[in-house]
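Topology and contacts: notes
One letter stands for each residue in the lines below.
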Amino acid sequence: MILVGEDPASKVYVNNKKKACEYIGINSYEYLLPAETSQEELISLIEKLNNDERVSGILCQLPVPDHIDDQAIINAIAPEKDVDAFHPVNVGKIMTGNFDFVPCTPAGVMELINESGIDVCGKDCVVVGRSNIVGKPMAMLLLHRSGTVTICHSKTRELAEITRKADILVAAVGIPEFIKGDMIKPGAVVIDVGINRIAPKKLVGDVEFEAAEKIAGAITPVPGGVGPMTIAMLMKNTVKAAQINAQK
Ligand code: L34
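Right, let's walk through the structure included here. (Residues numbered from 1 in each chain as written. Predicted model: local features only at pLDDT ≥ 70, side-chain atom pairs only at ≥ 80, totals over all residues. Heavy atoms only, no water.)

A few points about the site of the ligand
Near the ligand there are 18 residues, and of these K17, C60, D84, R197 and G224 occur at the shortest range. L62 is positioned such that a nitrogen or oxygen atom in its backbone is 2.9 Å from a nitrogen atom of the ligand. Against a free-state accessible area of 670 Å², the protein chains account for coverage of 84% of the ligand. Taken atom by atom, the bulk of the ligand overlaps the largest pocket. The set of elements that each furnish at least two residues to the shell around the ligand consists of α1 (8-24) and α9 (226-246). Of the residues that constitute the shell around the ligand, the class distribution is 10 nonpolar, 5 polar and 3 charged. (Near = heavy atom within 4 Å. Polar contact = N/O pair within 3.5 Å; in protein donor to acceptor, adjacent residues only side chain to side chain. Areas by Shrake-Rupley, 256 points an atom, 1.4 Å probe, with all protein chains shown as cover. 1 Å grid on protein atoms, 1.4 Å probe; cavity = no way out; pocket = protein on both sides within 12 Å on 5 of 7 lines; lining within 4 Å. Sits in = over half its atoms within 2 Å of the grid points. Helix = DSSP H or I, 4+ residues; strand = E, 2+ residues; numbered from the N terminus. Nonpolar A, V, L, I, M, F, W, Y, C, P; charged D, E, K, R; others polar.)

Given below as structure tokens:
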């Protein structure tokens, strides 16, 4: 795990990942680099880890400081060690449905859906948010399960009319409590990917939970919902990476 700079939220997430590794018995190594680290230095560390056969998985926590091009960093990670599934090779495999790694957050959402016995086939699925990390791969995973998928974003017109049709609503916009109760269809499955810190000790999601929980058939909380699932899926990808790399 590589963390560049001092972002307090990233430190919490990386620390949670480290604890999960300890819990399941994966050796984890943290590279905590100063915010001034250059893109070249970061890429040369990644290349060193690419070539280190003791290393199965490499992750550079995002966001990185502005002077570093995050896509250049993602491109530098060997696809077979890319446990985030952010490398273009892995992104392409997700499009075709023949993938080794699934991005951790959308994978965690699918695991929650599966374990809750929810059948996606034929359902109206609405993903609010179009990031490369969550929105786009999320839509693709729901499509692979034969959902009818709509992707909405900041330019979408009449958003509430679309979200109100969703049997499965995934909120990944990054705006605190953006999805209000009246934007949800009664009985819908509501999955909240947002993690917004609105006060030093107060986390809220992208869904107004108190109103939404009265209307939804099933809903995930923040904290304690998708966040921990993201970490669990990272562990799964890392074990898979170890298996793939052992066959080489
Ligand atoms: N490279 N960058 C890379 N890979 C990732 O998969 C991530 N992500 C996102 C941010 N940048 C990344 C994460 O790890 C978001 N994310 C993440 C991971 C864990 C948690 C939240 C986001 C998490 O542990 N959430 C806890 C609360 C943590 C807290 O107190 O702040 C929860 O219960 O939701």
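Some details on helix α5 (residues 104-115)
Its 12 residues give α5 an end-to-end C-alpha distance of 16 Å, which sits within 8% of 16 Å, the value for a rise of 1.5 Å per residue. Listed in full, the buried residues belonging to α5 are C104, T105, P106, A107, G108, V109, M110 and I113. Of the residues one or two after α5, G117 is the one with positive phi, at around 75 degrees. (Expected span 1.5 Å × (residues − 1). Buried < 20%, exposed > 50% of the residue type's maximum accessible area, 1.4 Å probe, protein only.)

Some points on the pattern of salt bridges
Applying the stated rule across the entire model yields 6 salt bridges. Among the salt bridges present, the one from E6 reaches K11, with a minimum N-O distance of 2.5 Å. Taking the relative accessible area as the measure of exposure, E6 reaches 57% and is therefore exposed. Looking at K11, the relative accessible area reads 39%, which means it is partly exposed. (Salt bridge = Lys/Arg side-chain N within 4 Å of Asp/Glu carboxyl O.)

Examining the nonpolar core
Note that soluble globular proteins tend to have their nonpolar side chains buried in a common cluster. One finds V109, I113, L142, I168 and V170 to be the most contacted residues of the largest nonpolar core, which totals 41 residues. Among the secondary structure elements, those contributing two or more residues to this core are α1, α5, β3 (124-128), α6 (135-144), β5 (168-171), β6 (189-192) and α9. In contact with I113, not counting residues within four places along its chain, are I118, V120, L142, I168 and I191. With 16 residues, the next largest nonpolar core counts I2, L45, L49 and I77 among its residues. (Core = buried A, V, L, I, M, F, W, Y, C linked by side-chain atoms within 4.5 Å. Contact = heavy atoms within 4.5 Å.)

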